[in-house]
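Descriptive analysis of the structure
What follows is the residue order along each chain.
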Amino acid sequence: MAPVGSSQRKLPSLMRVTLRRGAVAGRFYLVIGVVVSLILAIVLLRTAHATTEFASVFPLEIPLFASLGAMGGLLLFVNDRSKGVLEYFISYGVRPQTLYVNSLLVTVSLSSIVLGSALAVGLAAYIATGNPLTSGLENSLLGYTIPMTYASALFASICGIIWSALSTPRTGVNSPVGLAPVLGIAPPILVLVVAEAVDKAAYYDVTVGASLGFLALVVLLLVASSRLMDRERYLSPM
């Protein structure tokens, strides 16, 4: 195996391959996220008070399912570390922070698929059944659903990645993937609890501010982990 820095040629980008591999690795979670979010949208539109139920519940549920559907980035990182793929990449000069960023971009891509599918189908069905697209629904989608989708998915992914890099194998608890969906659900629930406790006029200030705060935390964790963790953390534990 060639040592780090032995090749003077510029390394090709792994992004396209990583996106494809991440989608394949997380296809089960992706299908669940898309299907369940669409089923819930249809169920809400069939209730007796479809207009109010859809407008109040639909924007809140998308981040929960999008964070679940975006587990492919984390799954790929964990699998690659356990199989020695990360060790192989690093030995050929790929920087550890590049491996992090690629996994997070997979997370963004997969969560965008769930978000886009839910919005396209859900809103189309909502309008097709004669319901008005109100300013309240628009504000909920723009001020909560979209930013919180990416914030929660990225937060769960970066926490799982760091856990994977720091952990050593133990029976039953050697992978962060099992608990990662819980980390993805935690930010939306926390933000909703806080937002409901403040004045209604500050509701979207809280949701948008919290989303930006979680995204800033993701960046901070990314920078800190890239700089502070040594290369041995990326080696296969087997």
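Residues numbered from 1 in each chain as written. Predicted model: local features only at pLDDT ≥ 70, side-chain atom pairs only at ≥ 80, totals over all residues. Heavy atoms only, no water.

1. Quick word on the pattern of salt bridges
Heads up, the rule is: Here, a salt bridge means any Lys or Arg side-chain nitrogen found within 4 Å of an Asp or Glu carboxyl oxygen. Each helix is a run of DSSP H or I of at least 4 residues and each strand a run of E of at least 2, with the numbering of both proceeding from the N terminus. Partly exposed residues are those whose accessible area sits between 20% and 50% of the maximum for their type, while under 20% is buried and over 50% is exposed, using a 1.4 Å probe and protein chains only.
Counted under the stated rule, the structure contains one salt bridge. Between aspartate 80 and arginine 21 there is a salt bridge, and its shortest N-O distance comes to 2.6 Å. One end of the pair, aspartate 80, is in helix H4 (residues 72–83); the other, arginine 21, is in helix H1 (residues 15–25), and 59 residues separate them in sequence. In this structure aspartate 80 comes out as buried when scored by relative accessible area, which is 5%.

2. Some thoughts on helix H2 (residues 27–45)
Filter applied, for reference: What a helix is expected to span follows from its residue count: subtract one and scale by 1.5 Å. Think of the arc as the fan of directions from the helix axis to the C-beta atoms. What makes two residues a contact is simply this: any of their non-hydrogen atoms within 4.5 Å.
An ideal rise of 1.5 Å per residue puts 27 Å on 19 residues; H2 measures up with 27 Å between its terminal C-alpha atoms. Every buried residue of H2 is listed here: Leu30, Gly33, Val34, Ser37, Leu38, Ala41, Leu44 and Leu45. End-on view of H2: buried residues confined to an arc of 125 degrees, all on one side of the axis. For H2, the elements touching its buried residues are helix H3 (50–69) and helix H6 (96–128).

3. A word on the packing of aromatic side chains
Cut-off, in case you're wondering: Classification of ring pairs rests on two measures: the distance between centres of Phe, Tyr or Trp rings, Trp counted by its six-membered ring, which must be within 6.5 Å, and the angle between planes, read as stacked under 30 degrees, edge-to-face over 60 and tilted in between.
For the coordinates displayed, the defined rule picks out six aromatic pairs. Here phenylalanine 54 and phenylalanine 58 contribute two aromatic rings whose centre-to-centre distance is 4.4 Å and whose plane-to-plane angle is 15 degrees, an arrangement assigned as stacked. On the criterion of helical spacing, the pair formed by phenylalanine 54 and phenylalanine 58 is a turn pair, its members being four residues apart in helix H3. According to the relative accessible area criterion, phenylalanine 54 is buried, its value standing at 0%. For phenylalanine 58, a relative accessible area of 0% puts it in the buried group. Judged by centre distance (4.6 Å) and plane angle (20 degrees), the rings of phenylalanine 54 and tyrosine 126 are stacked. Within this pair, whereas phenylalanine 54 is found in helix H3, its partner tyrosine 126 is found in helix H6, the two being separated by 72 residues in sequence. In terms of burial, phenylalanine 54 and tyrosine 126 fall into one category: buried. Taken together, Phe54, Phe58 and Tyr126 form an aromatic cluster joined through their ring pairs.

4. What about the packing of H3 against H6?
Packed helix pairs are characterised by how far apart their axes lie and by the angle those axes make with each other. The condition is simple: Every angle, taken between N-to-C directions, lies between 0 and 180 degrees, and every axis is a line fitted to C-alpha atoms, over only the stretch in contact when it is a helix. Orientation labels follow simple angle bins: below 35 degrees gives roughly parallel, above 145 gives roughly antiparallel, 65 to 115 gives roughly perpendicular, and whatever is left gives oblique. Each crossing is labelled by how the near helix is turned from the far one, with a counterclockwise turn of less than a right angle marking it left-handed and a clockwise turn marking it right-handed. Here the nonpolar group is Ala, Val, Leu, Ile, Met, Phe, Trp, Tyr, Cys and Pro; Asp, Glu, Lys and Arg are the charged ones; every other residue, Gly included, is treated as polar.
Taken N-terminus to C-terminus, the directions of H3 and H6 make an angle of 160 degrees; their axes are 8 Å apart at the nearest point. Classified by the angle between their axes, H3 and H6 sit roughly antiparallel to one another. Seen from above, H3 lies across H6 with right-handed handedness. Of the residues in H6, those touching H3 at Thr51, Phe54, Phe58, Ile62, Phe65, Ala66 and Gly69 are Leu110, Ser111, Val114, Leu115, Ala118, Leu119, Gly122, Leu123 and Tyr126. A breakdown of the residues in the contact of H3 with H6 according to their chemical character gives 12 nonpolar, four polar and no charged.

5. Here's the deal with the packing of helix H7 (residues 135–166) against helix H8 (residues 180–197)
Packing of H7 against H8 leaves a shortest axis separation of 8 Å and a crossing angle of 140 degrees. In terms of axis orientation, H7 runs oblique to H8. The handedness of the crossing between H7 and H8 comes out as right-handed. Mapping the contact onto sequence places Tyr144, Met148, Ser152, Phe155, Ala156 and Cys159 in H7 and Ala180, Leu183, Gly184, Pro187, Pro188, Val191 and Leu192 in H8. By residue class, the composition of the contact of H7 with H8 is 11 nonpolar, two polar and no charged.

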